[in-house]
Amino acid sequence: GEDVEQSLFLSVREGDSSVINCTYTDSSSTYLYWYKQEPGAGLQLLTYIFSNMDMKQDQRLTVLLNKKDKHLSLRIADTQTGDSAIYFCAERTVYNTDKLIFGTGTRLQVFP
Amino acid sequence: DVKVTQSSRYLVKRTGEKVFLECVQDMDHENMFWYRQDPGLGLRLIYFSYDVKMKEKGDIPEGYSVSREKKERFSLILESASTNQTSMYLCASSPPPLEDQETQYFGPGTRLLVL
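Residues numbered from 1 in each chain as written. Chains lettered and ligands numbered in written order. Predicted model: local features only at pLDDT ≥ 70, side-chain atom pairs only at ≥ 80, totals over all residues. Heavy atoms only, no water.

A.B. asks: Could you give an account of the interface of chain B and chain A, with specific residues and numbers?
C.D. replies: Each partner contributes residues to the interface: chain B has 25 residues there, and chain A has 21 residues. Buried area between chain B and chain A, both sides added, is near 1,800 Å², and the carbon and sulfur share of it is 55%. For the pair chain B and chain A, the number of links is one salt bridge. One salt bridge in this structure joins Glu56(B) and Lys99(A), with 2.8 Å as the shortest N-O distance. Of all elements in the fold, only strand 4 (31-38), strand 5 (42-51), strand 6 (54-57) and strand 9 (87-94) of chain B reach the threshold of two or more residues within the side of chain B that touches chain A. Residue classes in the side of chain B that touches chain A are distributed as 12 nonpolar, eight polar and five charged. (Contact = heavy atoms within 4.5 Å. Buried area = accessible area lost by both parts, 1.4 Å probe. Salt bridge = Lys/Arg side-chain N within 4 Å of Asp/Glu carboxyl O. Helix = DSSP H or I, 4+ residues; strand = E, 2+ residues; numbered from the N terminus. Nonpolar A, V, L, I, M, F, W, Y, C, P; charged D, E, K, R; others polar.)

A.B. asks: Let's hear about the pattern of salt bridges: which residues, and what values?
C.D. replies: Residues and elements named next belong to chain B. Scanning the model with the defined rule gives 12 salt bridges over all chains in all. The salt bridge involving lysine 71 is made with aspartate 28; its shortest N-O contact spans 3.1 Å. With lysine 71 in the loop between strand 7 (64-70) and strand 8 (73-78) and aspartate 28 in the loop between strand 3 (19-25) and strand 4, this residue pair connects regions lying 43 residues apart in the sequence. Looking at lysine 71, the relative accessible area reads 23%, which means it is partly exposed. Salt bridges sharing common partners tie together Asp28, Glu30 and Lys71. (Buried < 20%, exposed > 50% of the residue type's maximum accessible area, 1.4 Å probe, protein only.)

A.B. asks: Quick one: what's the story with a nonpolar patch on the surface, residue by residue and with numbers?
C.D. replies: On the surface, Val12(B), Leu113(B) and Leu115(B) cluster together into a nonpolar patch covering about 270 Å² of accessible area. Within the fold, Val12(B) resides in strand 2 (residues 10-13). (Patch = residues over 30% accessible without salt bridge, like charges linked within 9 Å, V, L, I, M, F, W, Y side chains within 5 Å. Areas by Shrake-Rupley, 256 points an atom, 1.4 Å probe, with all protein chains shown as cover.)

A.B. asks: Explain the environment of Ser28(A) residue by residue, including any values.
C.D. replies: Residues and elements named next belong to chain A. Mapped onto the secondary structure, serine 28 falls in the loop between strand 3 (18-24) and strand 4 (29-37). Along the backbone, serine 28 and asparagine 66 are 38 residues apart, and their C-alpha atoms lie at a distance of 14 Å. Once residues within four sequence positions are removed from consideration, serine 28 is found in contact with Arg92, Thr93, Val94 and Tyr95.

A.B. asks: An account of the pairing of strand 6 (residues 55-58) of chain A is needed here, citing residue identities and associated values.
C.D. replies: All names here are of chain A. Summarising the sheet, strand 6 and strand 7 (residues 61-66) pair through four bridges and their orientation is antiparallel. The residue bridging lysine 56 from the neighbouring strand is valine 63, located in strand 7. Here strand 6 folds back onto strand 7 in antiparallel fashion, the turn holding two residues, of which glutamine 59 has a positive phi close to 55°. (Pairing = 2+ DSSP bridges.)

Okay, structure coming up:
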């Protein structure tokens with residue numbers, strides 16, 4: 001079945017790069033997404049990547065997709081305290097185009 | 001900008017009470033979703049609606065029901081609240097995937113505590 005896994009916690013120093021990882025099992029993904037959830041708030045779309053791409057860059061964010069290993073990562077350059085949040089990856093598959101399958105979420109903590 | 005609003009940010013209810021969580025979106029989206037979010041479990045889909053009066057069970061529908069009488073409003077109902085339904089509830093909406101990158105837009109969430 002469909003499964004999306006993430007590590008639960010990541011702690012980085014302000015100014016360093018953060019890399020948040022995600023693995024998925026369904027090879028029929030069409031789009032993969034990264035969402036950010038700030039404390040007490042809903043989820044906000046950060047970026048997405050089409051499954052036939054390897055990389056997408058958007059300002060401080062870089063998404064890397066390794067289809068062979070079914071591995072997705074989000075790199076945040078020059079991490080700031082405002083980046084502290086929970087980050088969710090999600091996939092859309094060809095079999096169920098209306099729904100997204102979410103990962104467990106990674107809590108990123110940025111310390112000075 | 002898409003706006004998804006939820007009727008309450010925080011709610012405290014007693015075991016056995018009937019609870020209504022309301023969600024409204026202003027972008028004429030066909031699809032609406034209810035999730036619950038628990039630490040370490042991520043988001044789990046409770047119910048999904050793809051049109052007025054249409055609904056589909058998600059991964060964890062037990063103990064919940066939904067109502068979609070109007071396109072912009074999707075209600076989640078806990079018929080008899082239990083303590084294991086203490087959670088953060090998130091509503092989302094999306095248009096049909098005519099353009100594949102269309103994603104879901106989320107409300108701010110309702111944190112429900114059942115005593």
